[in-house]
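The lines below spell out each chain.
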Amino acid sequence: MLRFKTLLCAAAVAAAMTGTASAQMADGTYTGIGQGRNGELAVEVTVKAGKLDAVKVVRHVETPGVSDAAVANFPAAIIASQSTAVDSVTGASLTSEGIRTAVADAIRKAGGDPAQFATVVAKKKAAKKLIKENADIVVVGAGGSGISAAVRAETLGAKVILIEKMPVIGGCTALNAGTLIATGSRYQREVMKETKDSPELAYKDIFRVGKNRNDPVLVKMVTERVGGVVDWLIYDMKIPYGPAATQYPDHSANRQLGVTGRSINFLGLMKGKFLDMGGKLMLQTRAEELVRDADGRVIGVRAKDADGNTVELTSKAVILAAGGYGAVKSMLPKEMSNYVFYGLDSETGDGYRMATQIGAGTINMDLVKMYPQGVETVPGHGLAATASSTDTMKKSGAIYVNRDGKRFVNERESLGVLTDETVAQPGHIAYIVMDANAWKEYTRKSLEDKLVPNAESLMKWTKIVNNGRPVMAVSEKLADAAKVMGVDAAQLEKTVAHWNSLVKAGKDADFGRQITGGLGEGPYYIVEQKVRYQTTLGGLKADARMQILDKAGKPIEGLYGAGCVVGGANGADSMTAMMNSWAIVSGVVAAESAVKTLK
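Parameters and conventions
- Residues numbered from 1 in each chain as written.
- Predicted model: local features only at pLDDT ≥ 70, side-chain atom pairs only at ≥ 80, totals over all residues.
- Heavy atoms only, no water.
- Helix = DSSP H or I, 4+ residues; strand = E, 2+ residues; numbered from the N terminus.
- Buried < 20%, exposed > 50% of the residue type's maximum accessible area, 1.4 Å probe, protein only.
- Contact = heavy atoms within 4.5 Å.
- Areas by Shrake-Rupley, 256 points an atom, 1.4 Å probe, with all protein chains shown as cover.
- Lys, Arg positive; Asp, Glu negative; His and termini not counted.
- Charge placed at Lys NZ, Arg CZ, Asp CG, Glu CD.
- Polar contact = N/O pair within 3.5 Å; in protein donor to acceptor, adjacent residues only side chain to side chain.
- Pairing = 2+ DSSP bridges.
- Axes fitted to C-alpha atoms, helices over the stretch in contact; angles between N-to-C directions.
- pLDDT = per-residue confidence, 0-100.
- Parallel < 35°, antiparallel > 145°, perpendicular 65-115°, else oblique.
- Nonpolar A, V, L, I, M, F, W, Y, C, P; charged D, E, K, R; others polar.
- Core = buried A, V, L, I, M, F, W, Y, C linked by side-chain atoms within 4.5 Å.
- Disulfide = S-S within 2.5 Å.
- Salt bridge = Lys/Arg side-chain N within 4 Å of Asp/Glu carboxyl O.

As a further point, take the overall build of the chain. On a plain count of helices and strands, the chain comes out with 16 helices and 27 strands. Taken along its principal axes, the extent of the C-alpha atoms in the chain is 85 × 70 × 40 Å. Burial status across the chain gives 56% buried among its 599 residues. Of all intrachain contacts in the chain linking residues separated by at least 6 positions in sequence, the fraction that spans at least 24 positions is 70%. Working note: accessible area of the chain is about 24600 Å², and carbon and sulfur atoms make up 53% of it. Across the chain, the 72 positively charged side chains and the 62 negatively charged ones have centroids separated by 2 Å.

In structure tokens, the structure reads:
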């Protein structure tokens with residue numbers, strides 16, 4: 001009883017304080033500023049009669065598909081509760097926090113006290129229900145692999161339930177450009193006019209980039225099946241693929257495709273096809289446990305929905321497409337603490353946990369996919385500026401240097417080489433050094449890829465400082481920019497002079513880079529290039545049919561995997577476009593294998 005009275009008193013005090021703060025707020029519309037996942041966002045808050053009447057996100061640079069639910073739903077939750085202390089939207093916590101901060105900023109501008117609008121609102125607890133559904137196949141996870149598996153299974157006549165713990169589909173696929181390899185496809189032969197590529201050549205490329213840590217069974221499967229999957233997507237599903245806008249150098253043949261509108265468009269189109277065919281999509285439904293029969297066969301999934309209800313899904317087969325575990329630091333190698341995460345906080349290894357609980361085997365758990373050219377715009381999180389840096393190197397005389405102001409690599413090497421070489425530098429960091437011409441290219445590509453909404457947003461990087469070091473510096477004098485970045489200024493000037501002499505001679509005698517110009521007049525721009533990670537390369541062990549194997553190497557009946565939940569296909573590193581290729585191809589193969597068991 002005493003505790004109850006105390007809570008009532010606390011609530012009364014909070015209400016009184018909120019009322020006082022409300023009276024201080026002047027009616028009107030105020031714009032607050034916050035920091036989202038990718039950068040600054042702006043929120044308009046309308047105050048009427050001392051209350052929050054409307055909250056609207058009016059400007060942001062968040063990732064489409066990932067941030068949509070937060071932008072749409074989080075402001076409404078604030079209005080409904082008259083409090084900023086509402087739960088963040090699952091999987092979009094950084095966007096949610098940015099909106100929360102912006103609303104507090106607007107309250108302050110209206111003359112109110114943000115602290116008085118930060119009272120936690122008690123929720124009414126509804127009685128929990130048991131929801132039962134059944135299907136031929138249950139697919140867990142609606143990212144690239146899961147949506148591909150669900151659509152393929154539907155086209156083959158199966159009844160499918162697709163569950164996703166997030167309020168939106170996409171997973172980490174929503175973050176990528178949507179590239180595929182076209183090896184062996186009719187499209188590659190007839191449209192790309194590539195006749196020398198083959199599954200065998202792609203196999204060699206994948207193993208080379210993967211540093212021979214790949215599972216040969218899975219590599220053979222994906223290189224032999226990808227051509228047919230590409231043609232199915234282009235000619236049957238009518239997904240708009242074409243040659244990729246940025247062609248990366250780690251391929252030995254012309255095989256890189258890109259989807260119009262990036263992966264966000266792919267996901268939306270595939271979702272539409274799945275629903276049109278009668279598929280059932282259950283969002284905000286988190287799988288917790290695999291259900292088995294007396295013989296150990298997987299016959300369904302037990303999950304929880306957003307209201308805490310238990311959801312029991314019974315099926316003849318289950319496809320795990322629940323993604324990796326990049327957001328779980330305790331599951332990652334210790335050295336990953338040196339790098340920045342650019343993935344989603346929803347990458348929590350749920351599929352891995354459920355499968356290993358019933359004895360699934362694993363492979364390559366020490367491996368994580370790393371990329372170069374990250375920019376730490378949010379502490380601990382890196383923006384993926386790879387295409388901007390890559391295109392700038394192709395079309396200008398920009399160079400990479402380390403903290404000592406020295407070049408250390410052929411700037412046009414593959415992403416894997418650039419990653420390894422950046423890791424080897426002091427502080428595991430590099431810098432791209434650009435003149436005015438190179439900066440134009442960097443800006444152009446950043447805007448084309450919607451990395452930022454406008455050129456002014458890039459310039460705001462000069463105000464971001466992490467651990468005492470800025471993200472970017474701009475100056476009319478090269479030495480001044482170097483000093484701001486903590487780069488050896490005298491050595492950098494020598495490096496640039498030497499580089500320009502190599503350009504004049506027409507040959508990079510140091511690293512063999514193709515000459516595309518030198519560094520000319522300022523202003524000079526220096527931007528950090530940090531190693532970033534998202535996707536885990538280890539995971540569950542699977543066979544060529546994508547059936548999950550136990551620790552003894554025997555198939556677990558009724559259980560299939562696709563995408564990052566399965567390890568081994570990409571070895572210690574993935575060739576450009578291979579992570580997405582693996583997701584889609586493995587999803588299709590898992591679906592085809594699962595459907596065969598229905599007969």
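Next comes the rest of the write-up.
Counting through the fold element by element, D573 comes out in the loop between strand 27 (555-561) and helix 16 (578-596). For D573, a relative accessible area of 5% gives the class buried. Within polar-contact distance, the side chain of D573 engages the side chain of K369 at 2.5 Å. Discounting residues that sit within four places of it in the chain, D573 has contacts with V209, G210, K369, M370, G416 and L537.

If you trace the 3 strands from one edge of the open sheet to the other, you get 1-2-3, paired in antiparallel fashion. Each having just a single partner strand, strand 1 (28-35) and strand 3 (51-59) make up the two edges of the open sheet. Here the strands of the sheet are splayed against their neighbours by 25° on average, with no regard to which way each runs. Here strand 2 (residues 40-48) pairs with strand 3 via 7 bridges, running antiparallel. Its bridge partner lying in strand 3, A42 is registered against R59. The strands touched by helix 3 (residues 93-109) within the sheet are strand 1, strand 2 and strand 3, with strand 1 carrying the most contacts at an inclination of about 140°.

Locating E289 in the fold gives a position in strand 11 (residues 285-292). With 64 residues separating them along the chain, E289 and R353 place their C-alpha atoms 8.9 Å apart. Ignoring anything within four residues of it in the chain, the contact list for E289 reads G300, V301, R302 and M354.

A separate point is the confidence of the model for the chain. When the pLDDT values of the chain are averaged, the result is 92; 96% of them are 70 or greater. Confidence drops under pLDDT 50 across residues 1-23; counting only partners more than four residues distant or on other chains, this segment forms 11 contacts.

The subject of this paragraph is the packing of helix 7 (residues 216-236) against helix 16. Packing of helix 7 against helix 16 leaves a shortest axis separation of 9 Å and a crossing angle of 85°. If you check the angle between helix 7 and helix 16, you find them roughly perpendicular. Where helix 7 approaches helix 16, its residues L218, M221, V222, R225, V226, V229, W232 and L233 are matched on the opposing element by M578, S581, W582, I584, V585, V588, V589 and E592. Counted by class, the contact of helix 7 with helix 16 contains 13 nonpolar, 1 polar and 2 charged residues.

With burial as the criterion, only one face of strand 13 (residues 310-314) is covered, namely that bearing V311 and L313; the residues T310, E312 and T314 on the opposite face remain uncovered. Across 5 bridges, strand 12 (residues 298-305) lies against strand 13 in antiparallel orientation. Bridged to G300 within strand 13 is T314. Connecting strand 12 to the next strand, strand 13, in antiparallel fashion are 4 residues, including G308 with a positive phi near 85°.

Moving on to the sheet that holds strand 8 (residues 241-243). Pairing in this open sheet of 3 strands is antiparallel, and the strands run 7-9-8 from one edge to the other. Looking at the sheet topology across the chains shown, the edges are occupied by strand 7 (179-181) and strand 8. Across the sheet, the mean angle from the axis of one strand to that of its neighbour is 40°, orientation sign disregarded. Packing of helix 7 onto the sheet brings it into contact with strand 7, strand 8 and strand 9 (256-259), and relative to strand 7 it is tilted by some 135°.

Every α-helix winds through 3.6 residues per turn, so residues three or four apart in the chain are directed the same way. Listing the buried residues of helix 6 (residues 199-209) in full gives A202, D205, I206, F207 and V209. Those residues of helix 6 that are buried are in contact with helix 7 and helix 16. In the segment just after helix 6, K211 is the residue with positive phi, at about 55°.

Counting residues in each nonpolar core, the largest one holds 89 residues, and the members touching the most others are I137, L233, Y241, F266, I319 and L559. Sequence-distant contacts of F266, defined by excluding residues within four places in its chain, comprise G144, I147, S148, L233, I239, Y241, V259 and I584. Counting 27 residues, the second largest nonpolar core, distinct from the first, contains I432, V452, L458 and V527.

A complete count under the given rule lists 0 disulfides for this structure. Unpaired in this structure, C172 has its nearest cysteine sulfur neighbour in C564, at a distance of 4.9 Å.

Per the stated rule, a full pass over the model turns up 37 salt bridges. For K460, the salt bridge is made with E40, and the minimal N-O distance between the two is 3.0 Å. Of this pair, K460 sits in the loop between helix 13 (455-459) and strand 21 (465-466) while E40 is found in strand 2, placing the two residues 420 residues apart along the sequence. Among the residues examined, K460 registers a relative accessible area of 38% and is labelled partly exposed. The shortest N-O distance in the salt bridge between K48 and D53 comes to 3.9 Å. Among the charged side chains, a salt-bridge network with shared partners connects D391, K395, E441, R444, K445, E448 and D449.

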